[in-house]
Amino acid sequence: MKAKAAWRWPEILFWISAFGLILLFPNRHLLLNEIAILGLFALSLDLILGYAGIVSLGHAAFFGVGAYAAGLLAKHGVSEPVTGLLLSGAAAGFVGFLASFMILRGTDLTRLMVTLGVALIFHELANRLDWITGGADGLLGVSVGPILGRFDFDFAGTTAYTYSLTSTFLLFLLARRIVHSPFGLSLKALKDNRLRAATIGIAPNRRIVAIYTLAAIYAGMAGALLTQTTQFVSLEVLDFARSADALLVLVIGGSGYLYGGLIGAIAFKLMKDTLSAMTPAYWIFWMGFILVILVLIGRDRLMATLARPFAPLLRLLGARRP
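All chains use their own residue numbering, which begins from 1 and follows the written sequence. Per-residue local features of the predicted model are confined to residues with pLDDT of at least 70, and side-chain atom pairs are confined, for both listing and counting, to 80 or more; whole-chain, interface and lining totals are unaffected and use all residues. Calculated side-chain values reflect all of the structure's heavy atoms, with hydrogen atoms and water omitted.

(A) Seen up close, the overall build of the chain. Strands are runs of DSSP state E lasting at least 2 residues, helices are runs of H or I lasting at least 4, and numbering of each runs from the N terminus. Scanning the chain from terminus to terminus reveals 16 helices and zero strands. Computed over C-alpha atoms, the radius of gyration of the chain comes to 20 Å, within 12% of the 20 Å expected from 2.2 N^0.38 for 322 residues, which places it in the range of a compact globule. Across its three principal axes, the chain shows a C-alpha extent of roughly 60 × 50 × 40 Å. Relative accessibility decides the category of a residue: with a 1.4 Å probe and only protein chains considered, values under 20% of the type maximum give buried, values over 50% give exposed, and everything between is partly exposed. For the chain, with 322 residues in total, the buried portion stands at 45%. Any two residues having at least one pair of non-hydrogen atoms within 4.5 Å are treated as being in contact. Here the analysis covers contacts within the chain between residues at least 6 apart in sequence; of these, 77% occur between residues at least 24 apart. Exposure was quantified through the Shrake-Rupley algorithm and a 1.4 Å probe, taking into account, for residues, occlusion by the shown protein chains and nothing else. Roughly 16600 Å² of accessible area belongs to the chain as shown, and the carbon and sulfur atoms make up 69% of that amount. Note that His is not counted, nor are the chain ends; the positive residues are Lys and Arg, and the negative ones are Asp and Glu. Lysine's charge is taken at NZ, arginine's at CZ, aspartate's at CG and glutamate's at CD. Averaging the locations of the 26 positively and 16 negatively charged side chains of the chain gives two centres separated by 16 Å. We compute the radius of gyration over the C-alpha atoms and compare it with the globule rule, which gives 2.2 Å times the number of residues raised to the power 0.38.

Here it is in structure tokens:
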């Protein structure tokens, strides 16, 4: 377990590169901020899909709860971002805790419908309660103060990207510690065979409730980051497309090893940004075409082909590693 939890050089290089982009691409911080937020959202979905085997079509419900919680807190006096982030995560976690009991006894298809239904309910509530949420017009008057009272948000998005990336990194560290713990191993046992895991003393219900609540907290914090860095909330945060994007990110990057959500978010956002700039009217077609090719060829086979020219370097680095 300690060997699996040890940091490896690709992981260290990944995070050094992520923070290095703050200096390397000062004009792309707004896009990088979106990638960091989407990566955290996909990471939250990976916690239940990749480790507990729970497929969700309504994960945007928790994202939206966190987004609206952060907006309402900022609008009504709690403008400090870190405080708002933690409270928003707690609000989404509470909703996730209540929702988790509805998926305990269901099968995969039942869980899909339940998670989708929860998201649709929250979407309609946000639309109907316009005196609280702003309805279709969105929540206006959101004013976010400096981070920790010292770092103001700028138009270039430098502070926003640094804030979102730092939050994502810290939450990733916590998730990494959890999945490499005995609790994380028990989740994998539940995913492989829930009945067999129960026979050896693993309590499935409590673990499912715990990981579902944790995933909801992560998704809520991702939504809060979006609200705080854009200072606006709309019904779009609760759309089905938000949940679908997270699933597509995991299809691209892979699930069950945490980095799939982060790598997939980078690829998804870069493809979307590039294709929408090249063909504004047909970028969705090309995005779907690329995803179909990815599924037909296979992600592992495609990555092996792309990494083949670097095989000697990878072997050299692997030989030098103790």
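(B) Here's a closer look at the side chain of glutamate 11. Relative to the helices and strands, glutamate 11 resides in helix 2 (residues 9–24). For glutamate 11, a relative accessible area of 11% puts it in the buried group. Whenever two N or O atoms come within 3.5 Å, that pair is a polar contact, provided that in protein one can donate a hydrogen and the other can accept it, and provided that, for residues adjacent in sequence, both atoms are side-chain atoms. Only 3.0 Å separates the side chain of glutamate 11 from the side chain of tyrosine 259, close enough to count as a polar contact. Residues in contact with glutamate 11, not counting those within four places in the same chain, are Ala6, Arg176 and Tyr259.

(C) Summary view of the environment of alanine 198. Its location among the elements puts alanine 198 in helix 10 (residues 194–199). Sequence-wise, alanine 198 and valine 114 are 84 residues apart; in three dimensions their C-alpha atoms are separated by 24 Å.

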